[in-house]
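# Structural overview for review
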Amino acid sequence: YLEISLEFMQREGLTFTADEGCEIATTAVVKDSVLWRNVIVESGARISQCVVSDGVRIPAHATFERKVIVRAELALKDEIPEKATHGEVMGENYVVPIE
């Protein structure tokens with residue numbers, strides 16, 4: 001998903017894409033990433049090659065590279081399939097590495 005999204009963004013001359021309701025602080029850096037709806041990226045945060053799902057808040061000064069980030073409350077409400085790549089809870093988010 002990320003790779004094909006990056007290909008389309010590159011064709012359009014974009015460095016990232018953000019759906020409606022996203023807020024990105026002026027001191028945040030978002031590069032080669034896909035932000036779904038209502039994502040908040042706080043000041044000084046840096047994300048690169050990430051997929052960020054609906055309603056996620058990236059805390060100030062956090063750094064994520066090659067991750068899928070979802071709200072922990074949503075990711076952990078059901079049992080995670082055995083074959084799924086496992087991640088870790090980081091604050092309000094569940095973070096899974098992109099391999």
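This text goes with the structure placed above it.
Everything in this summary refers to the structure shown in the same document. The written sequence of each chain sets the order in which its residues are numbered from 1. Note on the predicted model: pLDDT of at least 70 is required for a residue's local features to be given, and 80 or more for side-chain atom pairs to be given and counted; whole-chain, interface and lining totals, by contrast, use all residues. As a convention, hydrogens and water are excluded, and side-chain values are obtained from all of the structure's heavy atoms.

## Regarding the overall build of the chain
By definition, any uninterrupted DSSP run of H or I lasting at least four residues is a helix, any uninterrupted run of E lasting at least two residues is a strand, and each is numbered from the N terminus. Regarding its fold elements, the chain presents two helices and 12 strands. Listing each helix as α and each strand as β along the chain from the N terminus yields α-β-β-β-β-β-β-β-β-β-β-α-β-β. Each radius of gyration is computed over the set of C-alpha atoms, and the globule rule expresses the reference value as 2.2 Å times the number of residues to the power 0.38. For a compact globule of 99 residues, the expected C-alpha radius of gyration is about 13 Å, and the chain comes in at 13 Å, within 12% of that figure. Its C-alpha atoms put the chain at 40 × 30 × 20 Å along the principal axes. Sorting the 99 residues of the chain into buried and exposed places 28% on the buried side. Any pair of residues with heavy atoms lying within 4.5 Å of one another is described as a contacting pair. Taking the contacts inside the chain whose residues are at least 6 apart along the sequence as the reference set, 21% of them involve residues at least 24 apart. Looking at the chain as shown, the accessible area adds up to about 6300 Å², and 50% of this sits on carbon and sulfur atoms. Positive charge is attributed to Lys and Arg, negative charge to Asp and Glu, and no charge count is given to His or to the chain ends. By convention, the point assigned to a charge is CZ for Arg, NZ for Lys, CD for Glu and CG for Asp. Looking at the chain, you have 10 positive and 17 negative side-chain charges, and the mean spots of the two groups are 2 Å apart. To sort residues, take the accessible area from a 1.4 Å probe on protein chains only and compare it with the maximum for the residue type: under 20% means buried, over 50% means exposed, and anything in between is partly exposed. Values of accessible area rely on a 1.4 Å probe in the Shrake-Rupley scheme; residue burial ignores everything except the protein chains shown.

## Considerations on the nonpolar core
A general feature of soluble globular proteins is that nonpolar side chains tend to end up buried together. Only buried Ala, Val, Leu, Ile, Met, Phe, Trp, Tyr and Cys residues count toward a nonpolar core, and they belong to the same one when joined by side-chain atoms within 4.5 Å. One finds Leu-35, Val-41, Ile-47, Val-52, Ile-58, Phe-64 and Ile-69 to be the most contacted residues of the largest nonpolar core, which totals 15 residues. If we skip the residues at most four places from it in the chain, Ile-69 touches Cys-50, Val-51, Val-52, Ser-53, Val-56, Ile-58, Phe-64, Asn-93, Tyr-94 and Val-95. Formed by five residues, the second largest nonpolar core is a distinct cluster that contains Leu-2, Leu-6, Met-9 and Val-51.

## Concerning the sheet that holds strand 6 (residues 46-48)
For two strands to be treated as a pair, DSSP must find no fewer than two bridges joining them. The parallel open sheet is built from three strands, whose spatial order is 3-6-9. The two strands at the open ends of the sheet, each matched to only one other strand, are strand 3 (29-31) and strand 9 (63-65). With strand direction ignored, the average angle separating the axes of adjacent strands in the sheet is 5°. Both strand 6 and strand 9 contribute to a ladder of three bridges, which runs parallel. By the bridge assignment for strand 9, Arg-46 is matched with Thr-63. Axis definition: a line fitted to C-alpha atoms, over the contacting stretch in the case of helices. Angles run 0 to 180 degrees between N-to-C directions.

## Regarding the environment of Cys-50
As for its placement among the helices and strands, Cys-50 is situated in the loop between strand 6 and strand 7 (51-52). Residues Cys-50 and Ser-33, 17 residues apart in the sequence, show an inter-C-alpha distance of 4.7 Å. Leaving out residues up to four positions away in the same chain, Cys-50 has contacts with Leu-2, Asp-32, Ser-33, Val-34, Phe-64, Glu-65, Arg-66, Lys-67 and Ile-69.

## Quick word on the sheet that holds strand 7
In space, the six strands of this open sheet follow the order 1-4-7-10-12-11, with mixed pairing throughout. Edge strands, defined here as strands with exactly one partner in the open sheet, are strand 1 (16-18) and strand 11 (88-90). As judged from the two bridges shared by strand 4 (residues 33-35) and strand 7, these two strands associate in the parallel manner. The partner of Leu-35 across the bridge, within strand 7, is Val-52.

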